[in-house]
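Listed here are the chains, written in short residue letters.
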Amino acid sequence: MTAGTVTERVLVPYERREYALSPSRGHVLLPKQGTKLHHDPACPHLTDSGSLPRFDDPDGLTWRRLLDAGPAADTAARAGYAQRIGLLNQQGRPVTHLCSCAFAPVNEAQAKELRHWSLDEALAAFEPALFADRLALAEQQADAIREAFPWDDWQHLTLDRYAMGQGDKPYCYRAEFEAEALGSGRGAFTKGHLVTYRKQSRTWYHDERYADENEAWTAVRAGIRAAVAAAREGRVADIDGIESVRSGNGHLISKTLRVYAPDATLPIHHLPHVKHYIARLTGRPAPAKLGVFATRALLASAVDGSGRFDGWSRDQVAHFLHWWAAPTRPPRVVKIAPGRDASLWEDCLAGGYVAVGWDEVGDLRDFADKDEFKQAFAAQNAERHEGSKSKISAKANEVWTLMELHPGDIVVANRGTSEIVGVGEVTDDGYVWRPERPDHRHTVSVEWTDTTPVPLKEAEPAWRFVTVKDVPAKLWSQIQDAQLFQTVGERLEEEKITAQPLDAGLQRIADALDRRGQAVLFGPPGTGKTYAALRFAVRWLGERTQGIGELNPYADPGSHAFDAALDLLTAPVEGFGAGRLTLVTFHPSYGYEDFVEGFRPVKGGGSGLTLDRVDGVFKRVCAAAAADPDHPYLVVVDELNRGNLPKIFGELVTLLEKDKRGRSFTLPLSGDPFAIPRNVHLIGTMNTADRSIRMLDAAIRRRFAFIELLPDSAPLQGFHVDRLHLAAFLDSLNQRIREQLDREKQIGHAFFLPNGEPVGSVAELADIIRTEILPLLQEYAYDDYTLLASFLGDGLVDAETHTLREIDDESLVAALYAEFRTGGDTGTE
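What counts as what
Residues numbered from 1 in each chain as written. Predicted model: local features only at pLDDT ≥ 70, side-chain atom pairs only at ≥ 80, totals over all residues. Heavy atoms only, no water. Helix = DSSP H or I, 4+ residues; strand = E, 2+ residues; numbered from the N terminus. Rg over C-alpha atoms; globule rule 2.2 N^0.38 Å. Contact = heavy atoms within 4.5 Å. Areas by Shrake-Rupley, 256 points an atom, 1.4 Å probe, with all protein chains shown as cover. Lys, Arg positive; Asp, Glu negative; His and termini not counted. Charge placed at Lys NZ, Arg CZ, Asp CG, Glu CD. pLDDT = per-residue confidence, 0-100. Pairing = 2+ DSSP bridges. Buried < 20%, exposed > 50% of the residue type's maximum accessible area, 1.4 Å probe, protein only.

Each helix and strand counted, the protein has 31 helices and 30 strands in total. Over its C-alpha atoms the protein spans a radius of gyration of 30 Å, differing by no more than 12% from the 28 Å that the globule rule assigns to 829 residues. Each principal axis of the C-alpha distribution contributes one length, and for the protein these read about 80 × 70 × 60 Å. Within the protein, contacts between residues at least 6 apart in sequence are counted, and of these 67% link residues at least 24 apart. About 36300 Å² of surface is accessible on the protein, with carbon and sulfur atoms providing 48% of the total. Side chains of the protein carry 93 positive and 118 negative charges; the gap between the two charge centres is 4 Å.

Here the protein averages 85 in pLDDT, while 91% of its residues score no lower than 70. Of all secondary-structure elements in the protein, the lowest mean pLDDT belongs to helix α19 (residues 495-498), at 43, while strand β22 (residues 633-638) reaches the highest, 95. Of the regions scoring below 50 in pLDDT, residues 483-499 engages in 56 contacts with residues more than four places distant in sequence or in other chains.

With that settled, the discussion passes to the sheet that holds strand β8 (residues 115-116). Reading across the sheet, the 4 strands line up as β7-β2-β1-β8 and stay open at both edges, with mixed pairing between neighbours. Each edge of the open sheet carries a strand with a single partner, namely β7 (103-105) and β8. Here 3 bridges tie strand β2 (residues 17-21) to β7, and the two strands are oriented antiparallel to one another. Residue pairing for β7: A20 is matched across the bridge by A104.

Turning our attention to the pairing of strand β14 (residues 419-433). Burial within β14 is extensive, with 11 of its 15 residues counted as buried. Bridging between strand β13 (residues 410-415) and β14 involves 6 bridges; their strand directions are antiparallel. The partner of V412 across the bridge, within β14, is V423. Two successive antiparallel strands, β13 and β14, enclose a turn made up of 3 residues, where G416 displays a positive phi of approximately 65°. The sheet contact formed by β14 and strand β15 (residues 442-450) spans 7 bridges and is antiparallel. From the neighbouring strand, G424 faces β15, where its bridge partner is W448.

Put into structure tokens, the structure is as follows:
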């Protein structure tokens with residue numbers, strides 16, 4: 001075997017996902033009819049594996065060469081390679097993909113059980129010629145910038161030749177959009193350019209310390225020249241001390257170093273990626289206190305100090321690092337309507353993009369950041385959407401999503417609410433403003449891989465009113481189940497169970513627990529705090545739990561499988577005394593003795609009772625976790641703020657801190673040593689309508705991460721009761737509540753989602769209004785019926801007599817429609 005041969009399962013990143021590579025045994029198996037390469041003769045996808053042809057694989061790298069022949073979506077490139085080397089099935093068709101017995105997608109928990117594909121193994125497998133064209137393009141782009149902006153000219157370079165929004169292709173434009181091969185700077189936005197012209201407001205953006213754009217440019221130009229000089233002299237870390245360029249995010253300066261000081265740093269401009277590669281090369285995380293450019297210098301030092309890249313250019317090393325150990329993230333899946341009823345689909349398919357409207361706002365790249373864009377969008381659309389600020393903000397978020405998509409994200413093009421016309425992947429170009437189009441000039445470049453129209457099993461009513469919308473994991477799984485999208489669908493076929501990405505809300509909880517160990521979900525009533533906590537618990541614990549029955553981490557809330565998962569997780573694990581999940585509700589009578597330990601009456605030896613010390617809920621969980629350190633334990637505390645937290649937690653407040661986990665402390669009651677294990681996590685929920693987080697004990701507040709959940713009308717989009725559009729009604733009602741009271745008193749969307757589905761009948765909605773919404777608003781208004789009428793209108797509230805009007809269900813809903821005029825938007829744009 002050669003140095004690159006893998007002899008055990010290892011973790012390999014590929015196309016922004018993580019896979020478990022199972023090594024071959026000196027040969028690979030070719031199928032009879034399929035197009036997937038196999039490593040395991042016992043693979044359940046094979047039949048009669050003993051009689052299948054074998055392809056010699058002496059160095060164990062056929063898998064890698066097949067992947068390198070072309071992206072997963074480029075079946076033609078892979079087929080050409082397979083034809084050339086004879087990698088064919090028994091029917092003579094080329095083998096173009098890898099079976100999961102060779103290359104299986106894994107989730108985060110599974111990935112932690114595997115070792116990474118090592119640097120030496122990867123170097124032995126790497127073919128330098130793989131990126132020859134890319135390296136040549138990078139040098140061409142660098143030469144073009146140096147020719148247009150010679151370094152000697154920078155001493156007197158004028159602002160109009162530098163700043164975005166000025167002249168024809170100034171320096172910032174070329175570096176941002178015409179130098180992609182020099183390392184992507186996507187996501188930097190124009191604030192990172194330090195001085196930029198805002199076309200919409202006709203004002204300049206720059207650091208506020210400078211009186212005007214000219215003073216700012218003088219300082220920035222000097223700072224850029226000093227940064228390049230420092231890099232050329234081997235003092236990259238000193239750039240952190242140059243104040244005039246420190247206020248940016250480093251992308252532009254980093255790319256400028258690639259052009260004018262190419263040997264100083266690697267052309268990896270996104271700082272988290274720089275830190276990731278430092279950890280992979282050295283086995284240690286980058287020091288947290290290092291400056292931006294000191295961190296870049298550390299990566300260059302790690303590369304040079306490894307002794308493995310002598311004679312390599314910085315570009316070559318950067319490409320190798322990305323090929324070997326690229327950071328992974330699940331793809332974001334969004335649906336984007338190519339015009340009303342897919343009227344622009346043929347244009348989009350032919351052009352390799354998806355296009356949307358709202359052209360009046362102009363090129364999104366001209367805005368310094370999302371906040372500036374939303375202000376401009378709101379100003380231009382103030383008269384649209386019935387003047388609803390929440391609707392206008394939601395539409396702005398839709399448009400800005402185009403800027404947030406990254407290469408590899410998935411776009412689902414829809415026609416109306418019940419048909420998909422295409423699926424593709426975002427390419428490196430990402431967002432592109434196309435002024436040559438007659439309309440719908442906002443576009444995202446997409447490689448369309450599946451273009452057979454497919455009906456959805458069930459219509460998505462919300463799609464009628466939104467152009468851009470995230471596709472939830474459940475719906476994406478249904479699309480994959482259709483098995484009509486062979487290119488994207490085949491590649492992700494096995495990922496449906498093993499590698500579904502966390503949605504943004506659950507990811508925030510995961511990040512908070514990883515960072516702090518405990519988090520509080522807070523917000524107005526009905527915003528789904530407990531629902532989110534339980535969804536997270538089933539998903540997060542389920543992926544990290546083995547040996548406790550048939551547990552499906554991806555079960556839908558409300559389903560039998562979800563309830564079964566909760567039962568399995570909360571049941572005590574045999575031999576450990578507690579379940580992996582513990583559910584608790586705090587209340588005014590709940591105390592330290594319930595949570596930690598205390599004396600309780602227990603049955604004595606005779607017929608009477610005696611007081612005995614009993615371990616509380618949390619102490620039992622910690623004991624189980626300490627004895628079972630390989631599995632996480634989670635405690636979910638509902639109504640956290642209803643308890644007396646200092647009394648309940650006692651000295652545990654100190655032990656909750658992440659750096660004090662595992663440290664032993666003597667409990668004052670029993671004298672027992674006690675520690676909170678590192679694998680214990682805690683999620684609390686609290687209603688801000690009951691008590692603001694500002695009222696919490698300061699010591700408690702410092703030790704939790706706080707995640708706010710606000711009303712979200714998205715699940716109600718497209719749903720009507722009679723003429724009343726539920727999403728628009730909720731948005732408008734909450735706008736009134738915010739104006740009259742505050743944001744913490746808003747009405748949550750869960751009130752209108754009984755059993756997880758939008759309310760569907762007049763009688764049901766009327767009952768929700770009478771028995772849930774009105775009593776809550778009456779409490780907020782302190783029986784001020786004039787205020788109550790300002791929320792719901794005179795059709796429901798008689799402010800003069802301080803009474804609620806006695807009207808039937810149909811009249812109630814009609815009164816709401818008349819008051820709010822919420823029939824819904826007219827469609828996509």
